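A look at the structure
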Amino acid sequence: MADLMTATCTYDSLVNKYGNFHVPAIRLYVDGSDAVQDLSLSIQSLEIFLSLSAASTAVIHLNNAYDQESRSFDSRIKNKFKLGTVVEVGIGYGSEIQKVLKGFVAVLGAEFGKNTCLVVTVADVRRLMMTGGVHHVLYDVSNYSDAVQTILGEYSKLCTAEIDATDDQLDKPLSQRSTDYDFITKELIAMGRCEREFLVVGGKAYFRKPHGTAGAICSLELGRELREFKIESAYTDLQVDVTGYNQQEQSVVTASATAKSKEALSSVMTGTPVHHIIDPQLDTQEKAGICAQAYADKQLSLAQNGSGVCVGLPELVPGRYVEVVMLEEMANKKLYVQTVTHRIGEEGFVTEFETGGWV
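These remarks concern the structure in this document. Everything quoted here is computed from the prediction, not taken from an experiment.

Thresholds applied
Residues numbered from 1 in each chain as written. Predicted model: local features only at pLDDT ≥ 70, side-chain atom pairs only at ≥ 80, totals over all residues. Heavy atoms only, no water. Helix = DSSP H or I, 4+ residues; strand = E, 2+ residues; numbered from the N terminus. Buried < 20%, exposed > 50% of the residue type's maximum accessible area, 1.4 Å probe, protein only. Contact = heavy atoms within 4.5 Å. Axes fitted to C-alpha atoms, helices over the stretch in contact; angles between N-to-C directions. Parallel < 35°, antiparallel > 145°, perpendicular 65-115°, else oblique. Left-handed = near helix turned anticlockwise from the far one by under 90°. Nonpolar A, V, L, I, M, F, W, Y, C, P; charged D, E, K, R; others polar. Disulfide = S-S within 2.5 Å. Phe/Tyr/Trp six-rings, centres within 6.5 Å; stacked < 30°, edge-to-face > 60°. Lys NZ or Arg CZ within 6 Å of the ring centre and 35° of its normal.

Comments concerning the overall build of the protein chain
Looking only at helices and strands, the protein chain features seven helices and 23 strands. Projected onto its principal axes, the C-alpha coordinates of the protein chain cover approximately 75 × 50 × 35 Å. For the protein chain, buried positions account for 48% of its 359 residues. Taking the contacts inside the protein chain whose residues are at least 6 apart along the sequence as the reference set, 67% of them involve residues at least 24 apart.

Below you can see the structure in the form of structure tokens.
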């Protein structure tokens, strides 16, 4: 099974691996065993939503689980997917399966009608991190990455942690006054304390340098595996000025970054607009610079958008680049994947994706 954060592939290798994409397959692993085979499950549809910045989910509609005479669902199936059960979701073709989501049963419901179904929603660890309440904690650690390691240790049933260590040499305890998710993504990353991004893919939580994997997953070509593609670049010309304060030295620290469209650009203003960020907690030049660059990169990401539909590709996940080729100069880009939606149902296996930013 491929490592989703490092693997690269070609169209020919995927055709060979997946038997020309003919027989979509789903696996639901509970306690290491495949519940689809163990319980002879009939899956009407599966929709997996994978995100760079939100909780990833899988919504599973199970057929043939309801008995009309007893007016009840099969107790074996209900018990298999009771709330809180850890589930790994694998997709692919034939016997070639790629695990793309590890989470817990966050919602269990039913839809009654012509096709009465048991509906299971699996969410990844970020769902718990976002909804676990505000924590008031002091971390006696040397580096920000040590605090992240401590937090993720509480969620070891749902993920393993891969952390790019920071070298901060903190001289006082680190305070948390938010949810675990907000603490990592807002208090540490967005506020410029450390140059990292936080994402979860396939049961691994990554606290890593932004765009940590430079290589593209694969190349997509229209009329081959790529069915539809759209790209757009919005006018962007902005300077970001950040001001912080070093209390120990009683001095102001400043940093700047620019967000400017890489395409041909005609300026429509006599001067460049400036966005000001003032944050006393940015107490070093490095932190102010990280904050400025992070904000500028975010603006470019929002301005450089792409979306597409392709044959079902389990390897396509957020946090990686995908390369679009053989179209036109403005569209032939290596794009950073933000969200992926895998759908398996009556129409087969289709993957949709959205991107933000490119190189």
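Once you've had a look at it, read on.
Section: the packing of helix H5 (residues 144-153) against helix H6 (residues 180-190)
The description of two helices packed together rests on the angle between their axes and the distance between the axes. Interaxial distance between H5 and H6 falls to 11 Å at its minimum, and their mutual angle equals 165 degrees. In terms of orientation, H5 lies roughly antiparallel with respect to H6. Crossing of H5 over H6 shows left-handed handedness. When H5 is examined against H6, the residues Tyr144, Ala147, Val148 and Ile151 are found in contact with a partner set consisting of Asp180, Phe183, Ile184 and Leu188. Of the residues contributing to the contact of H5 with H6, the split by class is seven nonpolar, no polar and one charged.

Some points on the state of the cysteines
Summed over all chains, the structure comprises zero disulfides. Not part of a disulfide, Cys194 finds its nearest cysteine sulfur in Cys291, a span of 12 Å. Cysteine Cys218 is unpaired, with the sulfur of Cys9 as its nearest cysteine sulfur at 4.7 Å.

Let's talk about the packing of aromatic side chains
Per the stated rule, a full pass over the model turns up 11 aromatic pairs. Among the aromatic residues, those joined into a ring-pair cluster are Tyr11, Tyr18, Phe21, Tyr93 and Phe349. One residue, Lys99, lies across the ring of Tyr29, its end atom 4.5 Å from the ring centre. The ring centre of Tyr321 lies 5.1 Å from the NZ or CZ of Lys334, which sits over that ring.

Remarks on unusual backbone geometry
Of note, the phi angle at Arg71 is positive, near 55 degrees, even though the residue is not glycine. Judged by relative accessible area, Arg71 falls into the exposed class, the value being 58%.

Geometric values such as these leave the question of function open.
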